[in-house]
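Listed here are the chains, written in short residue letters.
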Amino acid sequence: MGKGFQVVVVRDYDPNRDLRRVEELEKSCEVGSLVVDLMGDPLARIRQSPSFHMLVAEIGNEIVGMIRGTIKIVTRGGNALLDPRSKDDGVSPEISTTKLAFVSGLRVSTFYRRMGIGLKLVHRLEEWFRLNGAVYAYVQTENDNTASVKLFTEKSGYSKYRTPVFLVNPVFNHRVTVSRRVKIVKLDPSDAESLYRHRFSSTEFFPSDINSILTNKLSLGTFLALPRGSDYVSGYSPDPTGSWAVISIWNSKDVYRLQVQGTSRLKRTLAKTTRVLDGAFQFLKIPSFPNLFKPFAMHFLYGIGGEGPRAAEMVEALCSHAHNIARKSGCAVVAAEVACCEPLRVGIPHWKALSPEDLWCLKRLRDNDGVDWTKSTPGLSVFVDPREI
Ligand SMILES: CC(C)(COP(=O)(O)OP(=O)(O)OC[C@H]1O[C@@H](n2cnc3c(N)ncnc32)[C@H](O)[C@@H]1OP(=O)(O)O)[C@@H](O)C(=O)NCCC(=O)NCCS
C-alpha cells in the first residue's frame, strides 16, 4: 500500500506502551540543528504545568508523530485594567487574565511528513484545549522553521504574534567575575513571589501560578541585585528610587538534554582546543566554546526584570552569578528569552551565533473574551515561563 493510504490513529500517549518508540522518534527529529534527549520521561517538561496532555499518531505498530500541550492562567496582553471578571484569578483584581494553552513537542517521523499528520495532531490537541476551557493557544517556534511556521500560520489559524529573542551564552571552563559594585541576595520563594506579583503581574504571559514555578524542584532560586552598600529587608520590595534587578534560574538539566548535529570534525576539534586551553590557563579567561556536540545541559534564566538607571548592569552581574552556578553543575550553556524590545536585553551576555530568532504564534480558540489578545500591541516585556522552554 502506498504511504498516502495508511490509516493514522491519534490517541493518548501511554508511557507503558510508547516510551521507547517516542524516544526514538524524538531522537530522529532535528529541530533546527538540535536533537532532544527526553531522558526517559517525555512528560517531564509538561508535568510541571497545572494541566497537561500528550498525544501520539500511530500507523500500524509504528509511532509516527507526537504532540504535547499544557494549559494555565496568564495575564492577557492588551490588558483592560480594572476588568471586573478577573477577581478570583489569583493574580490581582486589576489584571485581566485568560486561560492559555501551549502547544509543544510536535514531531512527525521524516518518512511520514507532508501527509497531514502534523495538522491532525494539532487539531486533536486543540479539541482537548477547548474541552478544558482554554481561550487562546500559542506555540513557540524558530523563525526559520518554515514547516512549523507554515503549518501553524497558514493551515491552523495562528497569527505571528511576538518575536522574542532567545539568548544563549556558553558556560566557560573558568569562573567569570561578578561586578564588585553589585550586591547579590538570594530571595526566599515567598519574597520572590511577592516581588514578581507586585512588579510583573501586568506583563503579558505572567502565569497566575508563579508560586508553583518558584517552589518547583527545578527552580534553583531567585536572585536580587542591588548597588553594593544598599540594604535589602526581607519581605519588602526594593527601593523604587534606586536601581535593582532580579532573575530566577531553572534547571532544565534534570528534564532534557540537547545536542547539536551536523558540525564538521574540524569545527569540533577547534572548539575542543579552546576548552583545553581555557581549562589549563583559567586565569586567562579564554572564552571557550562548550561541547555542544554530545548531549549537554542548560540552565534557563526567567523572570528577568529590574528598574533604575543601573538595572542593566545589575542584570549583567546576575548573569555572571548564574554562569558560575551553571558551571558548577556541569551545564554547557545558560539561556534566557526576552521580548525583542526588552530594555534589559543589553545586560544579558550571549553569543549571537548560538542565539536563534524565535517566533511566538497565538490563536484565539473562543471569542467569549472581550478583547482580542491576538491583535494587541506588544509591550516592552513578556514573561517567559521556564516550563515552556
Ligand atoms: C513541522 C512538522 C511537525 C510538520 O509535520 P507534517 O506532518 O509533515 O505536516 P503536515 O503534513 O500536516 O503539513 C501541514 C502543512 O504544514 C506546512 N508544511 C509542512 N511541512 C512543510 C515543509 N517542509 N515546507 C513547507 N511547508 C510545510 C504546509 O503548509 C502543509 O500543508 P500542505 O502539505 O497542504 O502544503 C514536521 O516537519 C517535523 O516533525 N519537523 C521537525 C520537528 C519540528 O520542527 N517541529 C515543530 C516545532 S514547533
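Higher on the page you've got the structure.
Described in the following lines is the structure provided in the data block. Predicted model only: the values in this text are computed from it and were never measured.

Regarding the packing of aromatic side chains
The final tally for this structure, using the stated rule, is 20 aromatic pairs. A ring pair is formed by Phe102 and Tyr138, whose centres lie 5.0 Å apart and whose planes are at 40 degrees; its orientation type is tilted. With Phe102 in strand E5 (residues 97-108) and Tyr138 in strand E6 (residues 136-142), the pair connects residues that are 36 residues apart, well separated along the chain. A relative accessible area of 2% places Tyr138 in the buried class. Judged by centre distance (5.2 Å) and plane angle (80 degrees), the rings of Phe152 and Tyr158 are edge-to-face. Feature note: the residues Phe102, Tyr136, Tyr138, Tyr161, Phe205, Trp360 and Trp373 constitute an aromatic cluster, connected by ring pairs.

Structural notes on helix H4 (residues 189-200)
Here H4 spans 15 Å end to end across twelve residues, near enough to the 16 Å set by a 1.5 Å rise per residue. All of the buried residues in H4 are Asp191, Ala192, Leu195, Tyr196, Arg197 and Phe200. For H4, the secondary structure elements touched by its buried residues are strand E9 (182-187), helix H5 (210-214), strand E10 (219-227), strand E11 (244-251) and strand E13 (298-307).

Considering the sheet that holds E10
Across the sheet, which stays open at both edges, the six strands sit in the order E8-E14-E13-E11-E10-E9 with mixed pairing between neighbours. Since the sheet does not close on itself, it has two edges, and those belong to strand E8 (165-170) and E9, each with one partner. In this sheet, neighbouring strand axes are inclined to one another by 25 degrees on average, regardless of whether the strands run parallel or antiparallel. Across six bridges, the pairing between E9 and E10 is antiparallel. Across the sheet, residue Val185 finds its bridge partner in E10, namely Leu224. Sheet strands in contact with H4 are E9, E10, E11 and E13, and its direction is about 120 degrees off that of E11. With respect to the sheet, helix H7 (residues 311-328) is in contact with E8, E9, E10, E11, E13 and strand E14 (333-338), its orientation differing from that of E11 by roughly 25 degrees.

What about the pairing of E13?
Across the ten residues that make up E13, a large majority, eight, are buried. Two strands pair when backbone bridges link them, and E11 and E13 are joined in this way by seven bridges, in the antiparallel orientation. Note that in E13 the partner of Val246 across the bridge is Gly305. Where E13 lies against E14, four bridges are found, and the strand directions are parallel. By the bridge assignment for E14, Met298 is matched with Val333.

As for the site of the ligand
Taken together, 20 residues lie near the ligand, and Val108, Gly116, Gly118, Asn145 and Lys155 sit nearest. At 2.8 Å from an oxygen atom of the ligand is found a side-chain nitrogen or oxygen belonging to Lys155. Look at the ligand: alone it shows 920 Å² of surface, and the protein chains cover 81% of it. Here the shell around the ligand takes five residues from helix H3 (residues 146-155), the largest share from any one element. For the shell around the ligand, a count of residues per class yields eight nonpolar, six polar and six charged.

Parameters and conventions
- Just so you know, the residues in each chain are numbered from 1, in the order the chain's sequence is written.
- Predicted model: local features are reported for residues with pLDDT of at least 70 only, side-chain atom pairs are reported and counted for 80 or more only, and whole-chain, interface and lining totals are derived from all residues.
- Heavy atoms throughout the structure, all of them, feed into the side-chain values; hydrogens and water do not.
- Each pair of aromatic rings taken from Phe, Tyr and Trp, with Trp reduced to its six-membered ring, is defined by centres within 6.5 Å and is described as stacked if the planes are under 30 degrees apart, edge-to-face if over 60, and tilted in the remaining cases.
- Secondary structure is summarised from DSSP: a helix means a run of H or I of at least four residues, a strand means a run of E of at least two, and numbering begins at the N terminus for each.
- Accessible area is worked out with a 1.4 Å probe on protein chains only. A residue is then buried under 20% of its type maximum, exposed over 50%, and partly exposed in between.
- Multiplying 1.5 Å by the helix residue count minus one yields the expected span of that helix.
- Here a residue-residue contact requires only that any non-hydrogen atoms of the pair lie within 4.5 Å.
- Two strands qualify as a pair provided that DSSP identifies no fewer than 2 bridges between them.
- To obtain an axis, a line is fitted to C-alpha atoms, over the contacting stretch when the element is a helix, and the angle between two such axes runs from 0 to 180 degrees between their N-to-C directions.
- Residues are classed as near a molecule or strand on a simple rule: at least one heavy atom within 4 Å of it.
- Here a polar contact means two N or O atoms within 3.5 Å. Within protein one must be a hydrogen donor candidate and the other an acceptor candidate, and residues neighboring in sequence count only if both atoms are side-chain atoms.
- Using the Shrake-Rupley algorithm and a 1.4 Å probe, accessible areas are obtained, with residue cover drawn only from the displayed protein chains.
- Charged residues are taken to be Asp, Glu, Lys and Arg, nonpolar residues to be Ala, Val, Leu, Ile, Met, Phe, Trp, Tyr, Cys and Pro, and polar residues to be all remaining types, Gly included.

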